[in-house]
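Structure assessment
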Amino acid sequence: MDWTFEEFRTELDALNPSVRKKAIEIAKDLIEKEDFSKEKAIKKAVVMAEEWFYDLEG
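Heads up: these notes are all about the structure in this document. Since the structure is predicted, the reported quantities are computational estimates derived from the model, not experimental observations. (Residues numbered from 1 in each chain as written. Predicted model: local features only at pLDDT ≥ 70, side-chain atom pairs only at ≥ 80, totals over all residues. Heavy atoms only, no water.)

**Let's talk about the overall build of the protein**
Defined as follows: To qualify as a helix, a DSSP run of H or I must reach at least 4 residues; to qualify as a strand, a run of E must reach at least 2; elements of each kind are numbered from the N terminus. Three labels apply to residues, based on accessible area from a 1.4 Å probe with only protein chains included: buried if under 20% of the type maximum, exposed if over 50%, partly exposed otherwise in between. By the convention used here, residues are in contact when the closest approach between their heavy atoms is within 4.5 Å. Areas reported here follow the Shrake-Rupley algorithm with a probe of radius 1.4 Å; residue values treat only the protein chains shown as occluding.
From N to C terminus, the protein includes three helices and zero strands. Each helix and strand of the protein, placed in order from N terminus to C terminus, yields the pattern α-α-α. Counting over 58 residues, the protein shows a buried share of 28%. For the protein, the share of sequence-separated contacts (at least 6 apart) that also reach a separation of at least 24 residues comes to 53%. As displayed, the protein offers around 4,100 Å² of accessible surface, 49% of which is attributable to carbon and sulfur atoms.

See the structure below:
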C-alpha cells in the first residue's frame, strides 16, 4: 500500500532528506507489518531513522 504522511509533513520536513526518506520507509513497514497507527509509526520511525543516520556518521 502506498502510505502518505501529509498530516506529519511539518515533522518530516524538519529532517535531513536522507533521514526523512528512511523514516518514511520505516513507518511504512511498521504500519504494514507491526500494525502501528500512522501517528505511532511516524514517531517511532523518526527516532529510528535518526539513530540510523547517526550510526552512519560514526
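Right, picking up where we left off after that structure.
**Describing the nonpolar core**
Test applied: Side-chain atoms within 4.5 Å link the members of a nonpolar core, which is a set of buried Ala, Val, Leu, Ile, Met, Phe, Trp, Tyr and Cys residues.
Counting 14 residues, the largest nonpolar core has Leu 12, Leu 15, Ala 23 and Val 46 as the members making the most contacts within it. Looking at this core, the elements that each hand over two or more residues are α2 (17-34) and α3 (38-57). What Leu 15 contacts, discounting residues up to four positions off in sequence, is Arg 20, Ala 23, Val 46 and Glu 50.

**Looking at the pattern of salt bridges**
Rules: Here, a salt bridge means any side-chain nitrogen of Lys or Arg that lies within 4 Å of a carboxyl oxygen of Asp or Glu.
As enumerated under the stated definition, the model contains two salt bridges in all. Between Lys 33 and Asp 29 there is a salt bridge, and its shortest N-O distance comes to 4.0 Å. Here Asp 29 and Lys 33 lie together in helix α2, a separation of four residues that amounts to about one turn. By relative accessible area, which is 62% here, Lys 33 ends up exposed. You can call Asp 29 partly exposed: its relative accessible area is 38%.

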